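Listed below are the residues making up each chain.
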Amino acid sequence: MTQISHDRLLIIDFGSQVTQLIARRLRELNVYCEIHPYQNVDETFLKTFSPKAVIFSGGPDSVVREGSPRPPKAVYDLGVPILGICYGQQVMMQDLGGTVEAGESHTAEFGRAYVTPADQRIDLLAGWFLEEREQVWMSHGDHVSKLAPGFEVYGTSPGAPFAITADLSRNFFAVQFHPEVHHTPNGATLYENFVRLAGFTGDWTMSAYRDEMVKSIREQVGDAKVICALSGGVDSSVAAALIHEAIGENLTCVFVDHGLLRLNEAEEVVGMFRDHMNLSVIHAQEQELFLGELEGVSDPETKRKIIGRLFIDVFQKYADQIEGAEFLAQGTLYPDVIESVSFSGGPSVTIKSHHNVGGLPEKMGLKLVEPLRELFKDEVRALGRDLGLPASFIGRHPFPGPGLAIRCPGEITREKLEILRKADAVYIDQIRKHDLYDEIWQAFAAILPMRTVGVMGDGRTYDYALALRAVTSVDGMTADYYPFSHEFLGETSTRIINEVKGVNRVFYDCTSKPPGTIELE
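Residues numbered from 1 in each chain as written. Predicted model: local features only at pLDDT ≥ 70, side-chain atom pairs only at ≥ 80, totals over all residues. Heavy atoms only, no water.

Colleague: Give me the lowdown on the environment of Ala-325, citing residues and values where you can.
Modeller: Along the chain, Ala-325 turns up in strand S15 (residues 325-329). For Ala-325, the contacting residues outside a window of four places in its chain are Lys-225, Ile-227, Ala-319 and Leu-366. (Helix = DSSP H or I, 4+ residues; strand = E, 2+ residues; numbered from the N terminus. Contact = heavy atoms within 4.5 Å.)

Colleague: With reference to specific residues and values, describe the UniProt feature "binding site: ATP" (unreviewed entry) in the protein chain.
Modeller: The positions that UniProt labels "binding site: ATP" (unreviewed entry) are, in the present scheme, Ser-231, Gly-232, Gly-233, Val-234, Asp-235, Ser-236 and Ser-237. Structurally, Ser-231 can be placed in the loop between strand S12 (225-230) and helix H6 (234-247). Residues in contact with Ser-231, not counting those within four places in the same chain, are Ser-236, Phe-255 and Val-269. There is a polar contact of 3.1 Å between the side chain of Ser-231 and the backbone nitrogen of Gly-233. Ignoring any residue separated from it by four or fewer positions in sequence, one finds Gly-232 in contact with Ser-237, Val-269, Phe-393 and Arg-396. (UniProt positions renumbered as here; feature names shortened; annotations may be inferred. Polar contact = N/O pair within 3.5 Å; in protein donor to acceptor, adjacent residues only side chain to side chain.)

Colleague: Let's hear about the nonpolar core: which residues, and what values?
Modeller: Counting 99 residues, the largest nonpolar core has Ile-431, Leu-466 and Phe-484 as the members making the most contacts within it. The leading source of residues in this core is H6, at nine residues. In contact with Leu-466, not counting residues within four places along its chain, are Leu-420, Ala-423, Ala-445, Ala-446, Ile-447, Leu-448, Ile-496, Val-503, Arg-505, Val-506 and Phe-507. One finds Leu-9, Ile-35, Ile-164 and Leu-190 within the second-largest nonpolar core, a separate group that totals 41 residues. (Core = buried A, V, L, I, M, F, W, Y, C linked by side-chain atoms within 4.5 Å. Buried < 20%, exposed > 50% of the residue type's maximum accessible area, 1.4 Å probe, protein only.)

Colleague: Please provide a residue-by-residue account of the environment of Ala-479, values included.
Modeller: Structurally, Ala-479 can be placed in the loop between strand S18 (459-472) and strand S19 (480-481). A residue is classified by how much of its surface remains accessible, and Ala-479, at 8% relative accessible area, is buried. The spatial distance from the C-alpha of Ala-479 to the C-alpha of Pro-515 is 9.8 Å, given a sequence separation of 36 residues. Residues contacting Ala-479, with those up to four places away along its chain left out, are Val-471, Thr-472, Ser-473, Ser-512, Lys-513 and Ile-518.

Colleague: Outline the pattern of salt bridges, listing residues and values.
Modeller: Tallying each qualifying case throughout the model produces 29 salt bridges. Across the salt bridge formed by Asp-7 and Lys-52, the nearest N and O atoms sit 3.8 Å from each other. Pair noted here: Asp-7 is in the segment before strand S1 (8-13) and Lys-52 is in the loop between helix H2 (43-49) and strand S3 (53-56), with a separation of 45 residues, a long-range link. Look at Asp-7 and you get partly exposed, because its relative accessible area is 35%. Taking the shortest distance from any N to any O, the salt bridge between Asp-235 and Lys-377 comes out at 2.7 Å. Placement of Asp-235 in helix H6 and of Lys-377 in helix H11 (residues 377-387) is noted, with a sequence separation of 142 residues between them. Taken as a pair, Asp-235 and Lys-377 share a single burial class, namely buried. Taken together, the shared-partner salt bridges connect Asp-429, Lys-433, Arg-495 and Glu-499 into one network. (Salt bridge = Lys/Arg side-chain N within 4 Å of Asp/Glu carboxyl O.)

Colleague: Talk me through the packing of helix H5 (residues 206-221) against H6; I want residue IDs and the actual numbers.
Modeller: Interhelical geometry of H5 versus H6 gives an angle of 65° and a closest axis separation of 9 Å. Our pair here, H5 against H6, has a crossing hand that is right-handed. Taking contact as the criterion, the partners of Arg-210, Met-213, Val-214, Ile-217, Arg-218 and Val-221 in H5 are, on H6, Leu-242, Ile-243, Glu-245, Ala-246 and Ile-247. Classifying every residue of the contact of H5 with H6 by side-chain character gives eight nonpolar, no polar and three charged. (Axes fitted to C-alpha atoms, helices over the stretch in contact; angles between N-to-C directions. Left-handed = near helix turned anticlockwise from the far one by under 90°. Nonpolar A, V, L, I, M, F, W, Y, C, P; charged D, E, K, R; others polar.)

Colleague: Residue-level account of the packing of helix H13 (residues 414-433) against helix H14 (residues 486-499), with values.
Modeller: Direction vectors running N to C along H13 and H14 enclose 145°, while the axes themselves pass 10 Å from each other. Judged by the sense of rotation from one axis to the other, the crossing of H13 with H14 is right-handed. From H13, Ala-423, Val-426, Tyr-427, Asp-429, Gln-430, Ile-431 and Lys-433 reach across to H14, where they touch Phe-488, Glu-491, Thr-492, Arg-495, Ile-496 and Glu-499. Residue composition of the contact of H13 with H14, grouped by class: six nonpolar, two polar and five charged.

Shown next, in the form of structure tokens:
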């Protein structure tokens, strides 16, 4: 996607798992940025992209290793501000004449650390060090042992004597920590200072994105027909509304009822889009197909791949019925992409596959339209509000494409799915009754692959155990568990066990992301 009407910031990705968070912080400042892996950035690319500023991301490699990732030398001659982060600091020092040494136990830092200021203050650190030190998040083994010529030190930590450095004559800045993560509480201020120094005006908004994407979709699609994979979640709903604005009746939505939906979900979604938004919606009732293929399957990656393959087959089936259909639209987001494969082929590690990421098989004969591929969830919600979608849909918790399949670890059965639907409905009802829904990023129940002994009345039970999950997040890349009161958990557990036959024990999952993911599989 190219946004030629805005000043652009280039993020060169060296493989950090949190590179996307850099982009998120910049988007919050209404700065348009793009992430490109280092191996795709050469002198020709730099001339074409013409960035107003550049950020080097962190990364898992070591700059002391021969053949380790490097930016093109030409980036230093652009005459624009550059900010190096963690590995980005080290590569900047190494490239410009400093020295980086391999990690030793006394110089490595992982996790929370504290940076204290040098005597000199710089504009990059405006709003920092209002107290004697700043909390930051470190994750480095190697360390800078000698600064490149022209650089001075402006902050230190116990394991990083050059934690904050700068060459003010060239507007080159480098930090050893990660200001993009929430564990660096004042990190957003540092990014705000950097883009202000670079001269950005903050003119990139969801309203502007909407106008540009409508134009882009029209140019891409022309007079062809588009079928949209509609799940009823925020992502696909906003994608459908945006594409409908661009091409009108040439859009047909396909809602796949794969038997893995929540209670009453199919009726609510189809009714919403047919009756209230006047979109053409095909209700594809394919429960038997999906559940039949998933029977006996317990491996989570196999489940995802089966569901992904069947989605493609189903869309192909309905596309064949729509004369002139040449495009398939999906609500793919940035976090989907980065967790499946590193962005645009970068070097970061795959976490899990997503059913809607990775392109389409050639035999399908459809091209992809993914108007949200570079957006984070809260940006999608802002775009949805701008498009006039109902607040009830904009505020819905995320729901994964594979549905309840990944909330049912182990083998999927119809009995387990029915129990899960009812239990999840009780749980969400409890959250709404206590007016907590909008405080939570995502909440759901999962049925565990185990049975436990219980006592109900005078009899022994041997039923399923259920896990409840609720997290807070701003972007889905990191998350923390929601701190329900013990009273709420006790009341909810009692309701589920009393109202849902087949459950006799309830657990609450208090794992953050990382180390866990939001979904169980």
